[in-house]
Protein chains: 2
Amino acid sequence: MIAIWTAIREGSNAYLKRQFRTIAIIAIIISLVIVAAFGATVNFTYGSEIALSFLLGVAFSLFAAYVALYSATNANVRSTAAAEKSTYEALKVATLGGGALGLVVISMSLLGLSILYAVFGDPGVLAGFGFGASLAALFAQLGGGIFTKSADVGADLVGKVEENFPEDDPRNPAAIADNVGDNVGDEAGRGADLFESLTAENLGGMIIGLIVSVILFKGIATATVYYVTMPLIVRSLGIVATFVGLAVAIYEKKFKNPIKPTRDGLLVASVVVAVLMFVASWYIFGPSGLTPNGQALTAYALYGCMLSGLAAGLLIVIYTEFYTGSNAKPVVTIAERSKSGPALTVMSGTAVGMISSGLPVITVAVALLVSFFLGEQFAGLIGLNSFLGGVYGTTMAAMGMLSTAGIVLTMDGLGPIVDNAGGIAEMSGAPEVIRERIEPLDALGNTTKALTKGYAMGSAALASLLLFQAFVLEVARYQLKIFDLKLITIDQADLLGNSVQTLGTFLALNRVDVVVGALIGAMLPFVFSGTAINAVSVGAYRMVEEVRRQLREIPGLREGTAKPNYAAAVDISTKTALRLMVVPGAIPVIAPIVVGVFLGWAAVGALVVGATISAIPLAIMMMWGGAAMDNAKKYVEMGHFGGKNTETHAATVVGDTVGDPWKDTAGPSLHILIKLLNTISLVFIPLFLSAIIIFH
Amino acid sequence: MIAIWTAIREGSNAYLKRQFRTIAIIAIIISLVIVAAFGATVNFTYGSEIALSFLLGVAFSLFAAYVALYSATNANVRSTAAAEKSTYEALKVATLGGGALGLVVISMSLLGLSILYAVFGDPGVLAGFGFGASLAALFAQLGGGIFTKSADVGADLVGKVEENFPEDDPRNPAAIADNVGDNVGDEAGRGADLFESLTAENLGGMIIGLIVSVILFKGIATATVYYVTMPLIVRSLGIVATFVGLAVAIYEKKFKNPIKPTRDGLLVASVVVAVLMFVASWYIFGPSGLTPNGQALTAYALYGCMLSGLAAGLLIVIYTEFYTGSNAKPVVTIAERSKSGPALTVMSGTAVGMISSGLPVITVAVALLVSFFLGEQFAGLIGLNSFLGGVYGTTMAAMGMLSTAGIVLTMDGLGPIVDNAGGIAEMSGAPEVIRERIEPLDALGNTTKALTKGYAMGSAALASLLLFQAFVLEVARYQLKIFDLKLITIDQADLLGNSVQTLGTFLALNRVDVVVGALIGAMLPFVFSGTAINAVSVGAYRMVEEVRRQLREIPGLREGTAKPNYAAAVDISTKTALRLMVVPGAIPVIAPIVVGVFLGWAAVGALVVGATISAIPLAIMMMWGGAAMDNAKKYVEMGHFGGKNTETHAATVVGDTVGDPWKDTAGPSLHILIKLLNTISLVFIPLFLSAIIIFH
């Protein structure tokens, strides 16, 4: 076990180091662009602060990737070993490993943003940090995703389909690459990804809290700080709830379905955080709370916003089960239609993915409407501008949805750990009993991964729309040349409040620049996903050629008497990933800057909204469609419709493979894409304010 | 030949009759809803006029479907017979058959709208006609598309893949159903579809022309009529150019690639229409033209708008060739990767489809920007409101793009005719020489179909954005309660002009109702496509079961000594199509009404724009991705990578089948979907103006 584990860990670390170097070079170039752009439009000092904060965001994001990898590569082998005792012990180790990841990542995001807010108190600097986090995460997720799926698909296409090797067979030359991929894609990529999500979401809430409260209270007042830190407070309460949830999750020793403990953990954590949020809302916005004019009704209103977000998040988790769960009706239908061949598998899988985008979108829409409405009531009660109150209400909804992030991240981190534990058991030739105990956990990993991806997309939708509101507020601030909010005067605060209203005129959908921005924005997720899927198909194709070559040229490999050249396979994945992640990664950086320089800030804002609204259904289609096809394969493997080694099973394997880059490369990168578009547009506002072509 | 032809024609007519009945019932219900909605909000007379015009639209649309079917089912067998002489003669018959379809459909659209404008002169009544046309077309295209692809996929999955029958083998029980499908899907469906497209596009132009000119000239002046009829004038010039193009297309007797004559026809028609448009622009908007304040510069400006549209349309045709042409690089790459199995075929095909959405979207965006800008200049020159001038400029761009519609429709109509000609030759056991002469035409049909679908989507994008502008103008009109434009006063015209400007505020992207509308709108094309693809997969699955059953139960069928039960197969396609077209068809009717009743007109407007911007890349992904996989299969069949009867070929067959409902059912329905959303929102404005929840 230790030998296999060392090989995986060393391979993962080696890849990560090369990936970090590539990302670092890109980050340094961009930071110079930031300094130059701000030097030309505002001043060098401000530009340097933002560039610094950007680099800090990149560093934190990469560190999160490293922490995730570290905790996973240490938990995986321990989970295998723990299976000597029981399935429960193996699950416990994996759950705690996932929990460590979740808690560290959340805390790092809180730490980074708190420090920056304490030192600078400036939304531009905070946005720089978010931009850095998103940029690094996009490359980490893309690179890792391309690596892991090239290896996985390549390993399966020759190993499983042509040679009939079982999963993780040591004779398969791509076997180590596949397991390395699980780590660098699902763990390191996801670590950076989650850090980015949390940061972007906190950031949107903080910027809105800051500017809204500055306008409402005519400058920086004591009350302001609670509006700004409310997102951080809710997030901290989430950490407390996560501990309770984790305790519940590892308390249950007997279970039929291994998903039960974690699901119970999620439910308990949700109840706990729901109670804590009420307390926080009461003591901050209620009668004799820490903010002025508090009443019971105001506390209820904002608490209602949080609850609507919390409920929306839980509903999305339920929908995931409904569409992609192991025995879900759509999954069984896909498996059944596979009797007529792989074309019907993919056709039905695509249809399920597309249809399943309906409910989550409607749920997010309802949460937005309810929280905006309650926010308006809140504002009315304390005599403030109702539009800004509505916007703050949606902020609270986003925070409510994210309050359970800790436990969801635990579920997310758990998946690849048990995946790897299974791989290590298989490749090291561990006793049959260990393998049997780990197997049910493998299916668990698949379900939790699908659950958390849906949740990530839902929360990204809310976060992206928040960041867009923050963008409009920031445009108003830059237009009025208020570069230091601490020095804002009452007159300026009034001007800021008014100009937020009038800026709406420039964002009207019947304007040509807005429509063009939205049109281009809605297309970006498609081109981005296409290039990412193409990268996987290039990598997988090369991997297939390499595996076939080794099987042909190395005598005794098929019989197990000779060892394959694992390193050559790892090298192919590495090269493909590092080279082909650049184009899809560059799209979201270049597009908003080009559009903004030519057509101005309103077109960029529309681009971001266009990208968000088309990315949500596209991502759900790919993630849930892919997960449903994956589970249809597993359903057949459990013995339905003839079971393994039938035409039906072969058809579902094709469906699963088609879905691989959908659900693990392109799909989960899309939510980073939209937040990267958001943060990049926030950072470069000064540049967009001097656009070349202006429509009237 | 005549026996086979009769069977196909009778099957097609029988299906069409049942489909018409279903659509008629739906249409009558909706017309009652219109009368009720207007009765409650405006008055019964107006409601009845609109309902009448709606039913007229439905009738015209269905009549276009019938004409298309009639001309195709008469040209197909003649084309087969003409192949006795030469490939050229067969192509000539097919081209003229396609031309007849194109010209009749265009003329019908001109006729319907001209009559309604002459009689009522009211934009609401015109919108009703457009709504009827779109509704009937959506159901015709959906029903036909589900029918044809259920039969096609079912026939292929058993016939080609399992039994190794060639295409159109008379032993295949689904063979007749497949050929009937070509007629009811590709011909009748497309006929209604094209009629709808032309009508929606003319309609958008006319409404904008009407209201813009009423505002500009403070009431109905002589000038007005030219603004309104300019779209019709350009369309008529297109008919003239089509005749010239058709003459060119049938003039070339010798050609290597059968696409050359039609392509030359398209080029010549484009040049002719470019010249004619200049003449029209000069004599209407130029110095001493028919509208006031004409100058050389104003004529140039609007002519520039038309040219930008014309160029954009031609560019999209070129991109189609680039991504999906028989020897295009992406097609060859898909074929090459298929060496590693069907999963990589579909993966690469999806990637190509997604990536290919980039260029068309950017092209449409540039055309919009250029024409809006030129329109602003035009308005400035004659001292009018620059925003309305810009909107009129984009109208002219849309008309420019559509000026070549006649010849493009010819190409579109030609495809299924040669497809059917091939089928008839095969099934009737025509002499080898006839089949050899028809074969190259079959590949031509595929390419022209892909070309025209891209063009249809591009023009739909422009048309949809035009109709959205028309929607905003109409909202202003209904808000001011100007129900008869002929009686408008100068004061009202001024009020109308101002309120169009202020309405923009309600369409701001930072409003929650607008964002929610856009969010829901962007999801609709996905859910719609998913249900349509699912319908095909249900139908195909049933068809596979039926074909397998017949092969099992009818002795001698496989050997060709017994005849299959064709009617049973036709019946399965019919039932699936008529039952499963209802859900996807209902989505675009119900969604905007529900959103509008609850959230108001601005949310509906945003819904329409959201649906448009996400439908464009989704449709291109499906249409071009599907076409590229189809041609990858053909590329392998031409002998590359091992040719037929290899694993590589089997992989490309899977890819082709997955792409079938993408490119022939869901993809080409999407552009009708967005125009249906547009026209429905136009018609029901009075209802939306009394929304239940209003955000401030």
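Residues numbered from 1 in each chain as written. Chains lettered and ligands numbered in written order. Predicted model: local features only at pLDDT ≥ 70, side-chain atom pairs only at ≥ 80, totals over all residues. Heavy atoms only, no water.

A.B. asks: Would you explain the overall build of chain A in this entry?
C.D. replies: Within chain A, the secondary structure is distributed over 21 helices and zero strands. Overall size of chain A, expressed as C-alpha extent along the three principal axes, is 80 × 50 × 45 Å. Counting all 696 residues of chain A, 70% fall into the buried class. Here chain A displays about 20200 Å² of accessible surface, and carbon together with sulfur accounts for 65% of that area. Across chain A, the mean location of the 42 positive side-chain charges is 1 Å away from that of the 47 negative side-chain charges. (Helix = DSSP H or I, 4+ residues; strand = E, 2+ residues; numbered from the N terminus. Buried < 20%, exposed > 50% of the residue type's maximum accessible area, 1.4 Å probe, protein only. Areas by Shrake-Rupley, 256 points an atom, 1.4 Å probe, with all protein chains shown as cover. Lys, Arg positive; Asp, Glu negative; His and termini not counted. Charge placed at Lys NZ, Arg CZ, Asp CG, Glu CD.)

A.B. asks: Can you help me understand helix α20 (residues 647-683) of chain B in this one?
C.D. replies: Residues lying three or four places apart along an α-helix face the same way, a consequence of the helix completing one turn every 3.6 residues. Residues and elements named next belong to chain B. A rise of 1.5 Å per residue sets the reference length of α20, with its 37 residues, at 54 Å; its end C-alpha atoms lie 54 Å apart and thus fit the reference within 8%. Of all bends in α20, the biggest is about 35 degrees, found at G659, and the proline P661 comes one to four residues later. Among the 37 residues in α20, 35 count as buried, and that is most of the element. (Expected span 1.5 Å × (residues − 1). Bend = angle between axes of the 7 residues up to and from the residue.)

A.B. asks: Help me out: how do you make sense of the relation of the copies chain B and chain A in this one?
C.D. replies: The relation between the two chain copies is a rotation about an axis coupled with a shift along that axis. Take chain B, turn it by 180 degrees, move it 0.0 Å along the axis, and it overlays chain A with an RMSD of 0.0 Å. The transformation relating the two chain copies, once decomposed into turn and shift, fits a two-fold axis. When C-alpha positions in chain B are compared against the rotation axis, the closest is assigned to A508 of chain B, at 2.0 Å. A share of 100% of the interface residues of chain B reappears at the interface of chain A, consistent with the copies meeting face to face through the same patch. (Least-squares fit on C-alpha atoms with pLDDT ≥ 70 in both. Contact = heavy atoms within 4.5 Å.)

A.B. asks: Is there a simple way to explain the environment of G560 of chain B in this structure?
C.D. replies: Mapped onto the elements of the fold, G560 of chain B is located in the loop between α16 (512-553) and α17 (566-580). For G560 of chain B, a relative accessible area of 45% translates into the label partly exposed.

A.B. asks: Even after reading the chapter, I still don't get the packing of aromatic side chains, so can you show me in this structure?
C.D. replies: One pair of aromatic rings is described through two measures. These are the centre distance and the angle between the planes. Residue and element names in this part refer to chain A. What the rule picks out here adds up to 54 aromatic pairs over all chains. Centre to centre, the rings of F54 and F131 are 4.8 Å apart; their planes meet at 40 degrees, and the pair counts as tilted. Of this pair, F54 sits in helix α2 (residues 44-82) while F131 is found in helix α4 (residues 123-162), placing the two residues 77 residues apart along the sequence. This pair shows no difference in class: F54 is buried, exactly as F131 is. Joined through ring pairs, the aromatic side chains of F217, Y227, F285, F378 and Y392 make up one cluster. A cation over an aromatic ring shows up here: R477 above the ring of Y478, its NZ or CZ 4.7 Å from the ring centre. (Phe/Tyr/Trp six-rings, centres within 6.5 Å; stacked < 30°, edge-to-face > 60°. Lys NZ or Arg CZ within 6 Å of the ring centre and 35° of its normal.)

A.B. asks: Mind showing me how you'd approach the pattern of salt bridges here?
C.D. replies: Oppositely charged side chains can form a pair if their charged atoms are brought close together. All names here are of chain A. Taken as a whole, this structure holds 45 salt bridges over all chains when the rule is applied. A salt bridge links D660 to K149, with the nearest nitrogen and oxygen atoms 3.4 Å apart. Placement of D660 in helix α20 (residues 647-683) and of K149 in helix α4 is noted, with a sequence separation of 511 residues between them. Taken individually, D660 and K149 each receive the classification buried, so the pair is uniform in this respect. Here R549 makes a salt bridge to E546, at a shortest N to O gap of 2.8 Å. A residue pair is termed a helical-turn pair when its members lie 3 or 4 positions apart in one helix, as R549 and E546 do in helix α16 (residues 512-553) at three residues. Since its relative accessible area comes to 29%, R549 is described here as partly exposed. (Salt bridge = Lys/Arg side-chain N within 4 Å of Asp/Glu carboxyl O.)

A.B. asks: Which parts of the structure should I look at to understand the environment of V67 of chain B?
C.D. replies: Note on placement: V67 of chain B falls in helix α2 (residues 44-82). Judged by relative accessible area, which is 15%, V67 of chain B ranks as buried.

A.B. asks: Sorry if this is basic, but what is going on with unusual backbone geometry here?
C.D. replies: With the exception of glycine, the majority of residues adopt a negative phi angle, and the majority of peptide bonds are in the trans configuration. Residues and elements named next belong to chain B. The backbone phi angle of N293 is positive, close to 60 degrees, even though this residue is not glycine. Relative to the elements of secondary structure, N293 occurs in the loop between α7 (259-285) and α8 (296-324). A positive phi angle, near 50 degrees, is found at F641, a position not held by glycine. With respect to the element layout, F641 can be found in the loop between α19 (601-637) and α20. Residue classification places F641 among the partly exposed positions, given a relative accessible area of 29%.

A.B. asks: What's the story with the packing of α2 of chain B against helix α13 (residues 405-427) of chain B in this structure? I'm lost.
C.D. replies: Two measures define how a pair of helices packs: the angle their axes make with one another and the distance between the axes. Residues and elements named next belong to chain B. α13 packs onto α2 with a crossing angle of 55 degrees between their chain directions and a minimal axis gap of 8 Å. The angle between α2 and α13 falls in the class oblique. Our pair here, α2 against α13, has a crossing hand that is right-handed. In contact with A72, A75, N76, V77, S79 and T80 of α2, α13 contributes I417, N420, A421, I424 and A425. (Axes fitted to C-alpha atoms, helices over the stretch in contact; angles between N-to-C directions. Parallel < 35°, antiparallel > 145°, perpendicular 65-115°, else oblique. Left-handed = near helix turned anticlockwise from the far one by under 90°.)

A.B. asks: Would you take a moment to explain the interface of chain B and chain A for this structure?
C.D. replies: When the parts of a complex come together, some accessible area is lost, and that lost area is often taken as the interface size. Opposite the 79 residues of chain B that make contact, chain A presents 79 residues. With both sides pooled, the region where chain B packs onto chain A buries about 7000 Å², and carbon together with sulfur makes up 79% of that total. The interface formed by chain B and chain A includes zero salt bridges. At the junction of chain B with chain A, the criterion picks out 14 residue pairs in polar contact (both at pLDDT 80 or more). Among the elements that take part in the side of chain B that touches chain A, α16 of chain B stands out by supplying 23 residues, more than any other. Grouping the amino acids of the side of chain B that touches chain A by side-chain chemistry returns 57 nonpolar, 17 polar and five charged. (Buried area = accessible area lost by both parts, 1.4 Å probe. Polar contact = N/O pair within 3.5 Å; in protein donor to acceptor, adjacent residues only side chain to side chain. Nonpolar A, V, L, I, M, F, W, Y, C, P; charged D, E, K, R; others polar.)

A.B. asks: Is there a simple way to think about helix α11 (residues 358-381) of chain A in this case?
C.D. replies: In this model, α11 of chain A (24 residues) spans 35 Å end to end at C-alpha, consistent with the 34 Å of a helix rising 1.5 Å per residue. Remark: G383 of chain A follows α11 of chain A within two positions and exhibits a positive phi of approximately 70 degrees.

A.B. asks: Can you help me understand a nonpolar patch on the surface in this one?
C.D. replies: Residue and element names in this part refer to chain A. Together, I590, V594, F598, I692 and I693 line one region of the surface with nonpolar side chains, adding up to about 450 Å² of accessible area. As for its placement among the helices and strands, F598 is situated in helix α18 (residues 582-599). Relative accessible area serves as the criterion here: at 41%, F598 is assigned to the partly exposed category. (Patch = residues over 30% accessible without salt bridge, like charges linked within 9 Å, V, L, I, M, F, W, Y side chains within 5 Å.)

A.B. asks: Would you mind showing me how to read the side chain of R477 of chain A here?
C.D. replies: Residues and elements named next belong to chain A. Along the chain, R477 turns up in helix α14 (residues 432-479). Looking at R477, the relative accessible area reads 0%, which means it is buried. A distance of 3.2 Å separates a polar atom in the side chain of R477 from a polar atom in the side chain of Y46. Beyond its immediate stretch of four places on either side in the chain, R477 contacts Y46, D122, P123, G124, I482, F483, L485 and L496.

A.B. asks: Whenever I open this one, the confidence of the model for chain A confuses me. Can you help?
C.D. replies: Low pLDDT means the predicted atomic positions in that stretch should not be read closely. On average, residues of chain A score 89 in pLDDT, and 100% of them are at 70 or above. Here the prediction assigns the complex a pTM of 0.95, and the interface score ipTM is 0.94. (pLDDT = per-residue confidence, 0-100.)

A.B. asks: When you look at the environment of N74 of chain B in this model, what are you seeing that I'm missing?
C.D. replies: Residues and elements named next belong to chain B. Within the secondary structure, N74 sits in helix α2. Taking the C-alpha atoms as reference, N74 lies 8.8 Å from R9; in sequence the two are 65 residues apart. Aside from chain neighbours lying at most four places away, what touches N74 is W5 and R9.

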